[in-house]
Amino acid sequence: MPIDNDPPAQLTLALDTAPATSFDTFHCDDGLNSGRLLASRSIESFARGELDEKQLYLWGEAGSGKSHLLTAACRSVTEAGLRVAYVPGELANQPSALEGLEACSLVCIDDLQRLDHGSEADLFHCINRCRAADTRLLFAADRAVERLGLMLPDLATRLNWGPVFHIEPLAGVEILDALRREFEQRSLLASDEVLSWIVRRFPRDMRAMKELVDQLDQASLSEQRRLTVPFVRQVVDTAGTEGV
Amino acid sequence: MNDVLWAQCLSKLEAELSEQNLNTWIRPLHAVREGSRLKVMAPNRFVRDMVRNNFLVRIQEIASLLSRPDAVTVELVIGSGLQVAPVLAAESVGSRGGATANLSRQPPEKSEVVTVSAPSSHASNLDPEFTFDNLVEGKSNQFGRAAALRIGQEPGRAYNPFLIYGSSGLGKTHLMQAIGNEIVRQKPDARVMYLNSERYVGEMVSALQHSKINRFKQFYRGLDALLIDDVQFFAGKDQTQEEFFHNFNALFEGGQQIVLTCDRYPKEVKGLEDRLKTRFGWGLTVSVEPPELEMRVAILNSKAEQVGVELPSEVSFFIAKQIRSNVRELEGALRRVIANSQLMGEPVTLDFAKRAIADLVAVQARVVTIENIQKTVAEYYNIRLADLSAKTRSRSIARPRQVAMALAKELTTRSLPEIGRSFGGRDHTTVLHAVRKVAELRESDTGIREDYSNLLRTLSS
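Rules used in this analysis
- Residues numbered from 1 in each chain as written.
- Chains lettered and ligands numbered in written order.
- Predicted model: local features only at pLDDT ≥ 70, side-chain atom pairs only at ≥ 80, totals over all residues.
- Heavy atoms only, no water.
- Helix = DSSP H or I, 4+ residues; strand = E, 2+ residues; numbered from the N terminus.
- Buried < 20%, exposed > 50% of the residue type's maximum accessible area, 1.4 Å probe, protein only.
- Contact = heavy atoms within 4.5 Å.
- pLDDT = per-residue confidence, 0-100.
- Polar contact = N/O pair within 3.5 Å; in protein donor to acceptor, adjacent residues only side chain to side chain.
- Buried area = accessible area lost by both parts, 1.4 Å probe.
- Salt bridge = Lys/Arg side-chain N within 4 Å of Asp/Glu carboxyl O.
- Domains from an automatic or database assignment.
- Phe/Tyr/Trp six-rings, centres within 6.5 Å; stacked < 30°, edge-to-face > 60°.
- Lys NZ or Arg CZ within 6 Å of the ring centre and 35° of its normal.
- Pairing = 2+ DSSP bridges.
- Axes fitted to C-alpha atoms, helices over the stretch in contact; angles between N-to-C directions.

### Here we look at the overall build of chain B
- Within chain B, the secondary structure is distributed over 21 helices and ten strands.
- Buried positions account for 54% of the 461 residues belonging to chain B.
- If you take every contact in chain B between residues at least 6 apart in sequence, the share linking residues at least 24 apart comes to 70%.

Listed below in structure tokens is the structure:
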């Protein structure tokens, strides 16, 4: 799909009140043995160059926080004054999109499940160039390498070359706590009733919930309203926000 | 290093754009100030076009504002400011030690500066970590290793060309680079060049674009040893094959060593010219096979030792039993266990290793079942699935059945009696016989060795 004339996806203004996507704002209150905290710690160390690895592979279902961790890694490397490249899977299919990335210090390739078979060799060569240039690689997908259905075995073995981390989405009380913190980080007060209403509507999808919190933040500011269930419902209906 | 003005532009853009837009389009850029020009370099055409269409106007506005009272023009080009192709960078082509450029990167925490160093006789793209000393020897690579060592000691004389083929992740690159490192060790001023086929193609295209194809030819024909990885990617690239054909001939006639790797037997590579396939077979062709259990354990111990970790034997046996298909994924599993241990501050015990690679084991266990093996083997040999369980004892059926049984033993955790039952209620001694017979045939019969290797690759990937 040629997209040369289309505007880039998500050309949005940064919202001042939204917390920065960092490792500190990644929700993982569960124990040290859990995949979420381990993945977060690993990627943070990796981004800082403290983990003696050339690449990591992260997988977990949509909304589990993979893109958050990749963005946090980009931020961490950028703050050190280094160059990064973040390539979503669908963009990796564009001609030449994977060329020259070895000039960066960190290359993140997200949503690998969207990589076309025709782009597998390009990614294979990209990995070779990056590893030869000591460019760190961070991959993410919604499934394990074995389940990507890759046609090029050379690519599959390369994706599994470094540590692989699996993260589960937040569930139950964890998700309620995470949502409460999202509101707190924007200095908003949300009652348990409001929190429960949102969690029922957006189960397990933290990304959709964060987008809603941003919308509520804006709406509450512009309309000078407190967050009540009727108000939240009204915002959701007006914005056509996708829930379940 | 990025220009100061560009750093200021970046700060401004960071306040205006989303994180994703920044990370995808802006942060991969590099910029240098050249007088009144700010030369902004995009890593590739795709990023350049997107930046030009969506952000360039704003970048120009910000740059003009920040550079006042001086005028500045932003120029957007493709480039990194980092790389110089060895051939094109060479001042004195073909001269001893003067033909390769070494890309070296300072530790990223210190600086982003990447320099092109002065030409050095050691600049051959070889990774010094790949040596014969740390190449674990086992049944599956014994012959290839011995031949490779001899080539390292007598380049251009022992076996030329030397072609290593086999599935991904079995150590072809290690074996190839060990040859290069051995040649340089024996003769420090030897001109050795290692590169993958993609880079060879890229340099040739670049040389053509810059009208330096003669320099390209001279450079490659002046080497003592040329090592090209993954030649299957030459397939379909006619001009590259043409050029490589002539380079190959020149090197071969000059008694210079050629070492190649391929992910399959070269004759099986579609789109590769017959005259190249023929030439690849002039010297010695060896295959590398998946390592057997003992070798996998030895590899794990060796790799753990390299990173200073003591691996309990029950842990190395556990990992080796789970990851059978290739060395690269074996290393990946080990790296995962070690990284987890370091991050969690826990010692590497068997329980810990089981937890660390639990999902990997689950994925593999789900993939390989006896039914899956039978289906794959039947398709491979073009026989009916029912034949594998039937009483038929004709060679054309019995051999595939034995291969399927051996694969079931290797790839699943099923016992011999269980495997026997899945093949038409056969006795466990029949399965044992099949396993031994196939092991024996893999040593003596190239056809069976190929079949087994192909099936293992299909089932393990």
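### A few points about unusual backbone geometry
- Cis geometry marks the peptide bond from Arg68(B) to Pro69(B), where omega comes out at 10°.
- Tracing the backbone through its elements, the reader meets Pro69(B) in the loop between α4 (56-67) and β3 (73-78).
- The omega torsion across Asn160(B) and Pro161(B) is -5°, close enough to zero to call that bond cis.
- Within the element layout of this structure, Pro161(B) appears in the loop between α6 (142-153) and β6 (162-165).
- At Asp134(A), a residue that is not glycine, the phi angle is positive and equals roughly 60°.
- Looking at the secondary structure, you find Asp134(A) in the loop between α4 (120-132) and β4 (136-141).

### Some thoughts on the confidence of the model for chain A
- Counting all residues, the mean pLDDT for chain A is 84, and 87% of those residues have values of 70 or more.
- Segment residues 1-16 of chain A is flagged for pLDDT under 50; beyond a separation of four residues in sequence, or across chains, it makes 33 contacts in the model.

### A look at the environment of Arg114(A)
All names here are of chain A.
- Assignment of secondary structure puts Arg114 in the loop between β3 (106-110) and α4.
- Beyond its immediate sequence surroundings of up to four residues, Arg114 is in contact with Gly89, Glu90 and Asn93.
- Reaching out from Arg114, the side chain makes a polar contact with the side chain of Glu90 at a distance of 3.2 Å.

### Brief notes about the interface of chain A and chain B
- Contacts between the two partners involve 71 residues from chain A, matched on the other side by 60 residues from chain B.
- Across the interface of chain A and chain B, roughly 5500 Å² is buried in total on both sides, 52% from carbon and sulfur atoms.
- Taken together, the connections running from chain A to chain B amount to three salt bridges.
- Among the salt bridges present, the one from Arg75(A) reaches Glu19(B), with a minimum N-O distance of 2.4 Å.
- At the junction of chain A with chain B, the criterion picks out 20 residue pairs in polar contact (both at pLDDT 80 or more).
- Only α1 (35-47), α2 (66-79), β2 (84-88), α4, α5 (153-159) and β5 (164-166) of chain A provide two or more residues apiece to the side of chain A that touches chain B.

### What to know about the domain arrangement of chain A
Residue and element names in this part refer to chain A.
- The domains assigned to chain A are domain 1 (19-166) and domain 2 (173-239).
- Each of domain 1 and domain 2 has a C-alpha centre, and these two points are 30 Å apart.
- Taken residue by residue, the interface counts nine residues in domain 1 and eleven residues in domain 2.
- Summed over both sides, the interface between domain 1 and domain 2 buries roughly 910 Å², with carbon and sulfur atoms accounting for 39% of that surface.

### Comments concerning the pattern of salt bridges
- Scanning the entire structure with this criterion turns up 38 salt bridges over all chains.
- With a shortest N-O distance of 2.9 Å, Arg186(A) and Glu182(A) are connected by a salt bridge.
- We note a salt bridge from Arg58(B) to Glu16(B), for which the minimum N-O separation is 2.5 Å. Residue Arg58(B) is found in helix α4, and its partner Glu16(B) is found in helix α1 (residues 4-16); the two are separated by 42 residues along the sequence.
- Among the residues examined, Glu16(B) registers a relative accessible area of 22% and is labelled partly exposed.
- Several salt bridges converge on common partners, so that one network encompasses Arg75(A), Glu79(A), Glu14(B), Glu19(B) and Arg27(B).

### Structural notes on the packing of aromatic side chains
- Scanning all chains against the criterion turns up 17 aromatic pairs over all chains.
- Consider the rings of Tyr380(B) and Tyr381(B), whose centres lie 5.1 Å apart with planes at 80°: the pair is edge-to-face.
- Here a set of aromatic residues connected by ring pairs shows up, and it is made of Tyr200(B), Phe216(B), Phe219(B), Tyr220(B), Phe234(B), Phe244(B), Phe248(B), Phe252(B), Phe280(B) and Trp282(B).
- Between the NZ or CZ atom of Arg131(A) and the centre of the ring of Trp161(A), over which it lies, the distance is 3.6 Å.
- The residue whose ring lies beneath Arg328(B) is Trp161(A), and the NZ or CZ to ring-centre distance is 4.4 Å.

### Section: the sheet that holds β2(A)
Residues and elements named next belong to chain A.
- The sheet built from five strands is open, its strands ordered β2-β3-β4-β1-β5 with parallel pairing. Only two strands of the sheet have a single neighbouring strand rather than two, namely β2 and β5. Adjacent strand axes in the sheet meet at a mean angle of 15° when their direction is disregarded.
- When β2 meets β3, the two strands line up parallel, connected through five bridges. By the bridge assignment for β3, Pro88 is matched with Asp110.
- Docked against the sheet, α2 engages β1 (55-59), β2, β3 and β4, running at close to 165° with respect to β3.
- Along the sheet, α4 makes contact with β1, β3 and β4, crossing β4 at roughly 145°.

### Overview of the sheet that holds strand β9 (residues 257-262) of chain B
Residue and element names in this part refer to chain B.
- With respect to topology, five strands assemble into an open sheet ordered β7-β8-β9-β6-β10, the strand pairing being parallel. Looking along the sheet, the strands with just one partner apiece sit at the ends: β7 (192-196) and β10 (284-287). Averaged over all pairs of adjacent strands, the angle between their axes in this sheet comes to 15°, without regard to strand direction.
- Pairing of strand β8 (residues 225-229) with β9 involves four bridges; the strand directions are parallel. Directly across from Ile228, in β9, lies its bridge partner Leu260.
- Along the sheet face, helix α7 (residues 172-186) touches β6, β7, β8 and β9 and points at about 165° away from the line of β8.

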